[in-house]
Every structure is written in structure tokens, then in C-alpha cells.
Amino acid sequence: MCGIVGYVGPRDVVSVLLDGLRRLEYRGYDSAGVAVVDGGRVLGSKRVGKLANLEHVLETNPLHGSAGIGHTRWATHGRPSDQNAHPHLDCDGRIAVIHNGIIENHAGLRAELIAKGHRFASETDTEVVAHLLEEFYKGDLVTAVRETLARVSGAYALGVLCADAPEQLVFARNGASPLIIGLGEGETFVASDIPAILNYTRRELIVQEGEVVVVTRNGAKISTFGGQHIDREITQINWDVGSAEKGGFKHFMLKEIYEQPKVVKDTLVGRITEQGGVNLAELQLSDEHLRGVEKVTMFACGSAFYAAAYGMYLIRQLARLPVELELASEFRYSDPVVDKRTLAVAVSQSGETADTLEAVRVAKAGHATLLAVTNVVGSALARAADATLFMQAGPEIGVAATKTFTAQCVDMALLAIHLARVRGATDEALLLELGRALRDLPALVDQALNADEEVAPVARRIADAKTMLYIGRHVNFPIALEGALKLKEISYIHAEGYAAGEMKHGPIALLDDKVPVVVLATRGPVQEKILSNMAEAKARDSRIIAVANPHDDAAIEHADVVFTVPSTHHLIQPIVNVVPLYLLAYHIADRKGCDVDQPRNLAKTVTVE
Ligand code: GLU
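Everything in this summary refers to the structure shown in the same document. (Residues numbered from 1 in each chain as written. Predicted model: local features only at pLDDT ≥ 70, side-chain atom pairs only at ≥ 80, totals over all residues. Heavy atoms only, no water.)

## What about the overall build of the protein?
Each helix and strand in the protein was counted, giving 20 helices and 25 strands. Dimensions of the protein, computed from the C-alpha atoms along their principal axes, are close to 75 × 55 × 45 Å. Each of the 609 residues in the protein was classed as buried or not, and the buried ones make up 61%. Here the contacts in the protein between residues at least 6 apart in sequence split such that 71% fall between residues at least 24 apart. (Helix = DSSP H or I, 4+ residues; strand = E, 2+ residues; numbered from the N terminus. Buried < 20%, exposed > 50% of the residue type's maximum accessible area, 1.4 Å probe, protein only. Contact = heavy atoms within 4.5 Å.)

## Quick look at the packing of helix 3 (residues 106-115) against helix 4 (residues 127-136)
Two elements in contact, helix 3 and helix 4, have axes separated by 10 Å at closest approach and are oriented at 45°. Taken together, the axis directions place helix 3 and helix 4 in an arrangement best described as oblique. Classified by chirality, the crossing of helix 4 by helix 3 is left-handed. Facing helix 3, whose interface residues are H106, L109, R110 and L113, helix 4 presents E127, V128, H131, L132 and E135. (Axes fitted to C-alpha atoms, helices over the stretch in contact; angles between N-to-C directions. Parallel < 35°, antiparallel > 145°, perpendicular 65-115°, else oblique. Left-handed = near helix turned anticlockwise from the far one by under 90°.)

## A word on the packing of aromatic side chains
In total, this model carries 6 aromatic pairs according to the counting rule given. With 6.4 Å between their ring centres and 80° between their planes, F405 and Y582 make a pair best called edge-to-face. Of the two residues, F405 sits in helix 13 (residues 403-422) while Y582 sits in helix 20 (residues 573-591), which places them 177 residues apart along the sequence. Pairwise contacts between aromatic rings join Y7, F189 and Y200 into one cluster. Here the guanidinium or amino end of R600 rests over the ring plane of Y492, the centre of that ring lying 3.8 Å away. (Phe/Tyr/Trp six-rings, centres within 6.5 Å; stacked < 30°, edge-to-face > 60°. Lys NZ or Arg CZ within 6 Å of the ring centre and 35° of its normal.)

## Here's the deal with the sheet that holds strand 24 (residues 544-548)
Across the sheet, 5 strands lie side by side as 22-21-23-24-25; this open sheet has parallel pairing. Two strands bound the open sheet, and with one partner strand each, they are strand 22 (494-499) and strand 25 (561-564). Strand-to-strand twist of the sheet, defined as the mean angle between neighbouring strand axes without regard to direction, takes the value 20°. Of the pairings in the sheet, the one linking strand 23 (residues 517-520) to strand 24 comprises 4 bridges and is parallel in character. Each residue of the ladder has a partner; that of L520, found in strand 24, is V547. Of the strands in this sheet, strand 21 (467-472), strand 22 and strand 23 are in contact with helix 17 (residues 477-491), which crosses strand 22 at around 175°. (Pairing = 2+ DSSP bridges.)

## Remarks on the environment of R11
Relative to the assigned elements, R11 resides in the loop between strand 1 (3-8) and helix 1 (13-24). The residues touching R11, leaving out its near neighbours within four places in the chain, are V16, E187, F189 and Y200. Within the local environment of R11, its side chain forms a polar contact with the side chain of E187, the two groups lying 2.7 Å apart. (Polar contact = N/O pair within 3.5 Å; in protein donor to acceptor, adjacent residues only side chain to side chain.)

## Section: the sheet that holds strand 5 (residues 88-89)
Across the sheet, which stays open at both edges, the 7 strands sit in the order 5-6-7-8-12-13-14 with antiparallel pairing between neighbours. Looking at strand neighbours, the two that pair on one side only are strand 5 and strand 14 (229-230), the edges of this open sheet. Where strand 12 (residues 211-216) meets strand 13 (residues 219-224), 6 bridges bridge the pair, whose relative direction is antiparallel. Counted as the bridge partner of T216 is G219 from strand 13. Where helix 4 meets the sheet, it contacts strand 5, strand 6 (95-103) and strand 7 (154-162), and its direction lies at approximately 135° from that of strand 6.

## A look at the nonpolar core
In terms of nonpolar packing, the biggest core is built from 104 residues, with I315, V345, M468, Y470 and L584 touching the most fellow members. Here the element with the most residues in this core is helix 13; it accounts for 13 residues. Sequence-distant contacts of I315, defined by excluding residues within four places in its chain, comprise V296, M298, R320, L321, V323, L415, A416 and L419. (Core = buried A, V, L, I, M, F, W, Y, C linked by side-chain atoms within 4.5 Å.)

## Quick word on unusual backbone geometry
The residue after H86, namely P87, is reached through a cis peptide bond having omega 0°. Within the secondary structure layout, P87 lies in the loop between strand 4 (67-73) and strand 5. Residue H551 is not a glycine yet carries a positive backbone phi of 55°. Counting through the fold element by element, H551 comes out in the loop between strand 24 and helix 19 (553-557).

## Notes on the pairing of strand 19 (residues 369-374)
Burial within strand 19 is extensive, with 6 of its 6 residues counted as buried. Where burial is concerned, the two faces of strand 19 agree: the one with T369, L371 and V373 and the one with L370, A372 and T374 are both buried. Relative to strand 19, strand 18 (residues 342-348) runs parallel, the two sharing 6 bridges. The residue of strand 19 that forms the bridge with S348 is T374. The pairing of strand 19 with strand 20 (residues 387-390) spans 4 bridges and is parallel. Bridge assignment links L371 to a residue of strand 20, and that residue is A387.

## Some thoughts on the side chain of S81
Mapped onto the elements, S81 comes out in the loop between strand 4 and strand 5. Residue classification places S81 among the buried residues on the basis of a relative accessible area of 5%. With residues up to four places along the chain from it excluded, the contact list for S81 reads S31, V48 and R73.

## Things to note about helix 18 (residues 527-539)
In a regular helix each residue adds 1.5 Å, so 13 residues correspond to 18 Å; helix 18 covers 18 Å between its end C-alpha atoms and thus fits that length. Every buried residue belonging to helix 18 is among Q527, I530, L531, N533, M534 and A537, and all of these are buried. Along the axis of helix 18, the buried residues cluster in a sector spanning 160°; they form a single face. Away from its buried face, by an angle of more than 90 degrees, helix 18 presents the exposed residues E528, K529 and A539. In this fold, the buried residues of helix 18 make contact with strand 21, strand 23, strand 24 and helix 19. (Expected span 1.5 Å × (residues − 1). Arc of directions from axis to C-beta.)

## Details of the environment of I222
Of note, I222 is situated in strand 13. Overall, the relative accessible area of 3% leaves I222 in the buried class. Residues I222 and V207, spaced 15 residues apart in sequence, show a C-alpha to C-alpha distance of 7.9 Å.

Structure, rendered in C-alpha cells:
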């Protein structure tokens, strides 16, 4: 995981690096560090903990230089500490390295380098790179980098600076570690993602796997590891910088919860007609190809997995296809059965999730057609895919996913309707009805945000709970899972999402007056069943919090508290129902004084397996 930045140019180097790191802190915040070249020396500073600790040190001991690199860490090898913070140096302190990812053969290399007399200062896998560079450096940094890359295996984005090269940085990328170059006038920026440098430039080069980049004030030269020059087209970024800022909300997460109506609307743009017809011509998978699909295999991690689960119900029911769903981290080791008639659907907000990318490799090896659902253009997932359905959610800064989950669910509904139509599997009238429900969804999600007023006082009353249960059935089961995950992630309260019918097979044993139960009780074919489950929980003295449609007396009867959400078609209703669950998790976490945007032990984009 982690975020890396670099800068060469006339501005105050450390200020630019810190500015970039601030925007990358969501990627990891175990420690932060910078290094600069100044008068033929490498100078650096690094501190365990959040970026503020480093900033504090730099205020009293400022650094200046002509070029610099910076890092915010999410530890994989070696605990969070000052010593393990990046940048890492060679023995003479003349070469500095930052790294995102894992060097898999670090143990053997470390032993070899120690035998040659190198002295290690950290427990990280990264430090071997600094010492290998020292071994290979004979006055030409780029050659030394190439020779080093030939010795290391694993996934990484690496950044290197050297005391002898005051206006040059060298970066390299292998595997799922994103790297972006920002081109300015007489200055060049480097970062793990686009928002980190958007304040400075919108002209970007997206570095791909297996590439080395030599960065100077005049731009960047990209080549293969072997040294072959690559012409990369400049990508012009049109994102609004303000959309990556908090915009008046107390936390990014709350802002992002409130962005859901817009995100749903943006994700539907150009894909749905006034009459409710769904058009996914952008997919570039021919109707004939989709008619030949015999099975859909879906995989993802975390919230994206729950969005995929929602998609599974819809695709199965509407497109009448067998659907398998598996966690990406399990799929890849499960010897899955896929072939050229399998449509593999991989869902990942960042498109850089290491487990998902590994599952992609397995699916592709079996000749499945790969359909990516992601938020990031140019991401590894989008590049690997035969077709991509983008989410249009904009950057999400809060570590816990909210608006991107909603956008993923919208994409899932669009995909299911599209597949159903192409395959002639469901009556056109129903598909149009669902299409119109999607078309009207932004306004309904907006109305669901009105639950905020009901949610805040409830959150105050239950913030002391030690455990909570979330139950739902059918398409609302994934929403129960997502609601529980959100509470766990940001409030550290134990919560379980359960298929309501399973309650009697175990979790009902947990229930008493101290365990609140959140019930997804909106109208639909299984509502009666869920109302029985609600009554069962009530009979065990649990406090019942129901998500229900207006004036639905049957749902309201057994509930202690009701979060009212507007009605839509029951297959689309889950996308409305998740809104109060996000607000509930948010208010509980905020009430408890938790770090909502950067929960402990988590990072936004999980680029390690
Ligand atoms: N493996 C390196 C470390 O543990 C980098 C991890 C990261 O990507 O933050 O320091």
C-alpha cells in the first residue's frame, strides 16, 4: 500500500512533497518521510505515525533541495517505527529509496548483501533495494536501477534519488502499484495517484507495469526495464480539485455519503433512456458474445464483494445465468473452473486491489472474458480487462467505501439488465420498469439522506453497544453485510451481517437487550419472512432498528426505531437502503471520537496480498 511522491523543480521541494503526502495519507499512515538532494548530499527526515509528526519535525529542522521524494507507509515488513519509515538509504547515505509494495525475495538478498559487508538500518524488505543500488552504482543511476530491478521480484513502485544527480529522480513500476507523472512548466511531479498532484498540473503520464521513468524538470522519459524507449500519450485530467476536498463537511466520509445522489446520477449518464432502456454499448462486448456466455464468475474484496453479491442476485434472476461469487483472495487458490464461455466480473474501486488482480490472472489463464467494474481509468484492472464498466464516483478519500459502493451497485444493476435484455431472459416490460427505477434513483437516494435527522439521536443511544447484528434477505442480505462492515471499520464495534433466515441457526444465541439488531425491512417478496425474524429478535429483548418504507405499519409495528426510506422496485431498493446504514455507522463512530476517515489498521487501496 502506501503513497509515494517526487518533485524536481524550482518550488520549495519539501512543501510540494508534504502537500502530495497529505492527499495520499489515506493509502497508509504508519509513518512518513522525505529525502532531498542538497549540495551533493542526501538529506532526509522521517517519523513514525501520521504525517503531522513529520511536519512538526520539519518545521523546526527545515530541509531544502533541488529534487526530493516522499513516502507515507502502510507497513508490510517490519513494524511501524522511525527506523522502518521510508526513505531508506544505502550504507554511505548517498542513495535514497521509497517503495510501495513488497520485495518478495528480500530475505535472500539481505543475507547476500550482509555477507558483502552492507549494514542494514531497518527491518523492511525495501532496504535491500538501497544496498543493491549501492552495489551496482558506478556513476550512472539509471543503469544501477535497471541492474537492481533484474535482481528483485515482487510488486512495487520504487522511487530513487542520488546525491550525485541533483536534478534527477528515477522511478520504476512492477505489478499493482500505481504511479503517475505530472508534467508542469520546468517542473515535474510524481505520485501514487492523481489527486496528490492535481493542484499543480492536469497533464499526466500514467506509468504502467514493467516501466522505468527518469524524471527531470523537463519531463519524464519512460522505458522498459530492458531500456527500450516508450512513447506515452499525455492524459488530460478533468477532475475538479474541489471534489477531492472536504467541502464543508466534518469528515470526507460524511461528504462522500452526501455525494451519493450525484454519483448515482453520474454513473447513469448516457446509459439509460427516458423510457428506462439500458444502453451499455460502451462495453464493447458483442451481443453475440454475451449470448454465448454460459456462466458468470464474480470476485472482489471488502465492500466491492458485497456489491458483487448484489449483482449476483440480479444477474441470476434477470439474465437467468448461473453465477458464482467468491472472495478474490480465495478464488485464486481454489482451482476455479472457468473457460472461454465464462464471463468473469471483477469489482474493485481502485482497480489496483492486489487480491483482485491476482484473481484476474487466474480467470484469464482459464480464458474467461474479463469484465472490470472500477472507478479508476487507467488502473491495472481496467487495463487487464476485455471490457470495463466505470463507476463515475470521483475520488473517494474516506478509507471506508460509501459512494463507491453505491456506484458499484448501480453498475451491477445496469449490467444485469443489459445481460437480461441481450439474452432475452426477462420480459422487456420488467426490464424497462427496473430501468425507470434506476433513472429515478438519484432523487430517492437524496431523500434517503433525510434519515440523517432520525439517525443521529439513535447513534447517540447505541454508541456504547459492544456488538450489533444486521439482518436482511435476498438482495438486502449484501446490504446487511455492508452495513455491518462499515460499523466495524470506523467505530470498532463488533457487528455481524447475517442472512435473516440463518439467525435461528446460530446468531440468535447472541441476542439480549444489549444487542441492537438492524433489520432491512422494506417491501418486497420476502418482507413477511423478515418481519418474522424481526419479531423473533424483539422477543429476545433486542432493540430493533428497522429500515422501512413510509407508512408500512407491518414493518413499523415491531421496531423500536424506524429509518424511513422512499420506496422503489424491490430489486433496486437496496441502493436506497444502504444510505441510513452509512449514516448510522458514521454518527456512532463520530460520537465515539473515532478517526472516521482513517480508521486504525486500514488503508484505502490494498495493493498487497
Ligand atoms: N514493504 C514496504 C514496507 O513494509 C512498503 C509497504 C508499503 O507499500 O507501504 O515498508
